[in-house]
Amino acid sequence: MKNYDAIIIGAGACGLMCAAQAGLLGKKTLLLERNDKPGAKILISGGGRCNFTNLYTQPENFVSENPAFLHAVFSQWTVEDTQNFFENFGGIQGEEKTLGQLFPKSNKAKDIVAVFSKLMFETKQDIWLNTEVKDVEKTEGGFEITFVKDGKTQKIHSPKVVMASGGLPVAKLGASDFALRIARKFGLGIVPTAPALVPLTITGKDADWYASLAGNSIFSKVYNEKISFEENILFTHWGLSGPAILQISSYWRPGETFSIDLLPKFKMDTLIKQEREQGGRRTIAQLMNDYFTKRTVEAFGKFLPTTVKIASLGKNDAKLIVDTIHKFKVKPAGDKGYDKAEVMRGGVSTQELNPKTLSAKTVPGLYFGGEAVDITGWLGGYNFQWAWAAGYAIANDL
């Protein structure tokens, strides 16, 4: 066995960046990955197109008990650094889509992974695939890692260990709670975890109504007392999905209600008033047909007076319509779980880590980065920017 400066567990975004940056700094690392290829989650992100950063990344775009923790990491590795890195080492130019989301112009996630494979080869970093790490023990000179490869249980020693094995989404890609188990073993605090950026389910008496709208996508403003997001929502057979729903899910807790403004670019009371001024001969359904699909209007007809002509619409009915369109209340039964979640909320507490190096304060030489840490970004490239920055910060301390 060679002597390594560090062993990195997990060849996801953070682990790959850490190995590549360590190589550029003249360090020798070994990357252990349980899958048969590196970057499994990168390859499926953005529908295989990989939204690799967001131009507007700020600590405020992250859910954490301490988002300010990110200032130290993001001051070392910026969005501009990410753009330059992929352009310089892979010829990848970013193309902005909606809301600052940056995709490779090729629209191929594999091009992102190829940058790391090339860099690791050029800087002679080692990677062992199909290798499952079972345990990490502290020793006098560093750490002993127990792993299974080719059906054999083996051990290897290293002065430093980087835990970049991700979180609980998505099991079929090899996700596990391994990083959290190791953190607990070494006495580090864990912020309770839950699926985030995840579709939400509706059960009970309203389930059939939501199912009747399955496939309908509506540009909406989804909001609660903490935050709001303006993007599409998607009605499904089991509840709600779409970008705005995934975003609010990170700020939702079981038992809570949130609201949806189904027509955020217009004011329903103004539209009704304008119709009245023109004689009010149309019905509410005819007015709504200007802005919603026929199926949506029919569904709302179950509890709104959509067949009434606007000229004869009473004040109470008008208020009911306005409130329903702009303050549509949703109380989900739950979420679709880790297998449908983009990321995990919670994780290793930032209080346990040095904000500049991401090393555990009480366990010198043990680092945590990426999804295992209590840093959860919004949808749209924010989580990748955190992973790249974390990998860079750790590599600089190895």
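Here, the structure is the one placed above.
Just so we're clear, the structure is a prediction, and the values are computed from it rather than from any experiment.

Procedures and definitions
Residues numbered from 1 in each chain as written. Predicted model: local features only at pLDDT ≥ 70, side-chain atom pairs only at ≥ 80, totals over all residues. Heavy atoms only, no water. Core = buried A, V, L, I, M, F, W, Y, C linked by side-chain atoms within 4.5 Å. Buried < 20%, exposed > 50% of the residue type's maximum accessible area, 1.4 Å probe, protein only. Contact = heavy atoms within 4.5 Å. Phe/Tyr/Trp six-rings, centres within 6.5 Å; stacked < 30°, edge-to-face > 60°. Lys NZ or Arg CZ within 6 Å of the ring centre and 35° of its normal. Helix = DSSP H or I, 4+ residues; strand = E, 2+ residues; numbered from the N terminus. Expected span 1.5 Å × (residues − 1). Arc of directions from axis to C-beta.

Student: I keep staring at the nonpolar core and nothing clicks. Help me out?
Tutor: When a protein is soluble and globular, its nonpolar side chains tend to lie buried together. Counting residues in hydrophobic clusters, the biggest one holds 121 residues, and the most contacted among them are Val136, Met163, Ile233, Ile260, Met268, Trp386 and Trp388. Setting aside residues up to four positions removed in sequence, Ile260 forms contacts with Ser220, Lys221, Val222, Tyr223, Ile233, Leu240, Ile245, Ile325, His326, Lys327, Phe328 and Val330.

Student: In this structure, what is going on with the packing of aromatic side chains? I would like to understand it.
Tutor: Centre-to-centre distance and the angle between the planes together describe a pair of aromatic rings. All told, the structure shown has 26 aromatic pairs when counted by the stated rule. Seen from their ring centres, Trp378 and Tyr382 are 5.9 Å apart, and the 75° between their planes marks the pair as edge-to-face. Exposure remark for Trp378: the relative accessible area of 18% places this residue in the buried category. On the basis of relative accessibility, which here comes to 6%, the residue Tyr382 falls in the buried class. These aromatic residues form a ring-pair network of at least three members: Phe52, Trp77, Phe85, Phe86, Phe89, Phe116, Phe384, Trp388 and Tyr392. Between Lys97 and the ring centre of Phe103, over which it is positioned, the NZ or CZ distance is 4.8 Å. Lys221 extends its terminal NZ or CZ atom over the ring of Tyr223, reaching a point 5.5 Å from the ring centre.

Student: Just to check I follow, could you spell out helix α5 (residues 109-122) for this structure?
Tutor: Turn by turn, an α-helix covers 3.6 residues, leaving residues three or four places apart pointing in a common direction. Between its first and last C-alpha, α5 extends 21 Å over 14 residues, near the 20 Å set by a 1.5 Å rise per residue. Burial in α5 covers these residues: Ala109, Ile112, Val113, Val115, Phe116, Leu119 and Met120. For α5, the angular spread of buried residues about the axis comes to 140°, placing them on one side. α5 presents Lys110 and Phe121 as exposed residues on the side facing more than 90 degrees away from its buried surface. Within two residues after α5, Lys124 carries a phi angle of roughly 60°, on the positive side.

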